[in-house]
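# Chains, contacts and geometry: an overview
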Amino acid sequence: MTRRQVHLNVNILNAGVFGGSWRFPGTDPVASLTLDHYIRIAKRAEEAKFDAIFLADGPAIREDLRFRPFNSLEPTVILAAVAAATRHIGLIATLSSSYNHPYDVARRFASLDLLSGGRTGWNVVTTAGVEAARNFGYDAEPEHGSRYARAAEFVEVVRKLWNSWEPDALVGDKSAHRFADPEKIHPVHHHGARFDVAGPLNVPRSPQGEPVVVQAGASADGRALAARIGEVIFTAAQTEDEAGEYYRDVKARAVAHGRRADDVLVLPGLSTVIGSTEAQAAERRELLAELVPTEYALDRLAGQLGVDRDALALDAPLPWRLLPDPDVAGGSQTFYKIALGLARRENLTVRQLLRRLGGGAGHRIVTGTPEQIADSIIDWVDKGIADGFNLMPDVLPGGFDDFVDGVLPILRRRGVFRTDYDTTTLRGHLGLPVPTYARHQEEGAA
């Protein structure tokens, strides 16, 4: 029987997913501000035959800069340089639909997709936080539902623009004095609730037709958007039950939109702490916990929960009566629910919760030997609760090297991960179809 293949991206989260990763012995604390850092990891990922590298982003300083680096460099700029240094690895960048314009985003990704030979993906996010809002002239972040309504129309406009060039519109016929066929390049005439865009785009189609659309979100609004527009869904799940419920729900919603379930890949975040023995892995995990300053972790958790830091007593449970309902919480509802779920399920004090979260974003952390990490990955995919993972190594680049050297050979021996690329595009790596050309000319066309 042919086993299900595991899809793997590596998320280059500056120095690593843990709040203290940049302080880990042997790590360059400022490496994430150098191009060599990204090219080195991308080349290693390409040698390992990963589907893609993944860059997070946020247009504001939200971390306390005393305590850790943050995602500060504009991701499509990084990926343009990485594209020139690689040939096969997919290139996924996060850009906000809250604080950008559809034409600019469509042009940036179409350009990167064309120049890379069809290797790009756009991770659509609705940026939470007042810090970003104030950088763009707003006094407060937009309401949760309105952010997602804007995102839905934003993606609609971007896809119209990507389809404003027919596949054979670029001619390049010197003898006929015909560079392109104007009759196959169309305005989009979008007139919506939030955007008016004439089009057409000034960039032709790439070999994969359109960049892959990635989406992340576990709230009701997030699930609805993911099912409607997402081709790869980046999600967070701590338990098999959480992962299975989300997987089944978002795939069913996609089918209700007339899509095929197999054309939507669900990739939970997976943080790994690897040791040659269980004891070494546990020791590494303990060190990573100690490297996160309590003050930083406490501030981060308070921000995620929407409470004052003084309301969190380290050796007491969460102040449940002060917490808003998860479905009406502002900011990131995904990580709000993750933190609450962990605390309630394991009856954790605030101090214990901080250590479980690792000063990170709240994705599942698996600590163990390469064999144990491989077992966990295969188990979730075999159970049909994940199509693969967005890998978030504990420390970069060392933790990623540990995964490539230790875990990947096991996945290959068990027949669940490729030994070489058999395609040249990101869609090909992911097993996603090239979108059929669809001309969007009338307002509201989808």
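Right, let's walk through the structure included here.

Reading guide: rules and limits
For every chain, the first residue of the written sequence is number 1, and numbering continues from 1 along that sequence. With the structure being a predicted model, the display of local features is reserved for residues of pLDDT at least 70 and the display and counting of side-chain atom pairs for 80 or more, all residues being used for whole-chain, interface and lining totals. Side-chain descriptors were evaluated using all non-hydrogen atoms of the structure, hydrogens and water having been removed beforehand. Among buried residues, the Ala, Val, Leu, Ile, Met, Phe, Trp, Tyr and Cys ones that are joined through side-chain atoms within 4.5 Å form a nonpolar core. In this scheme, a residue with accessible area under 20% of its type's maximum is buried, one over 50% is exposed, and one in between is partly exposed, where area comes from a 1.4 Å probe on protein chains only. The helix count covers DSSP runs of H or I at least four residues long, the strand count covers runs of E at least two residues long, and both are numbered beginning at the N terminus. The contact criterion used throughout is that any non-hydrogen atoms of two residues lie within 4.5 Å. Pairs of N or O atoms within 3.5 Å make up the polar contacts considered here, provided that, within protein, one atom can donate a hydrogen while the other can accept it, and that residues adjacent in sequence are counted only when both atoms are side-chain atoms. Any Lys or Arg side-chain nitrogen found within 4 Å of a carboxyl oxygen on Asp or Glu counts as a salt bridge. Being paired, for any two strands, means DSSP has found at least two bridges between them.

The next point concerns the nonpolar core. In this structure, F50, I53, W122, F403 and L411 are the most contacted members of the largest nonpolar core, which totals 71 residues. Here the element with the most residues in this core is helix 5 (residues 144-162); it accounts for nine residues. Sequence-distant contacts of F403, defined by excluding residues within four places in its chain, comprise L8, F50, T272, I274, I373, I377, L391 and L408.

Here R223 is to be found in helix 6 (residues 220-229). With a relative accessible area of 13%, R223 lands in the buried category. At 3.0 Å, the side chain of R223 forms a polar contact with the side chain of D249. Other than its neighbours up to four places away in sequence, R223 contacts G217, A218, E245, Y246, D249, V250 and R253.

On to the pattern of salt bridges, then. All told, the structure shown has 35 salt bridges when counted by the stated rule. In this structure, E231 engages R427 in a salt bridge whose closest nitrogen and oxygen atoms are separated by 2.7 Å. Of this pair, E231 sits in the loop between helix 6 and strand 10 (232-235) while R427 is found in helix 14 (residues 426-430), placing the two residues 196 residues apart along the sequence. Here E231 and R427 have matching classes, each one buried. We note a salt bridge from D263 to R260, for which the minimum N-O separation is 2.7 Å. For D263, a relative accessible area of 16% gives the class buried.

Regular strands show a simple pattern: their side chains alternate between the two faces of the sheet. With six of its six residues buried, strand 13 (residues 388-393) lies for the most part within the structure. In this structure, strand 1 (residues 7-11) lies alongside strand 13, joined through four bridges in parallel fashion. Bridge assignment links N9 to a residue of strand 13, and that residue is N390. Pairing of strand 11 (residues 265-274) with strand 13 involves four bridges; the strand directions are parallel. Bridging across to strand 13, T272 finds its partner in P393.

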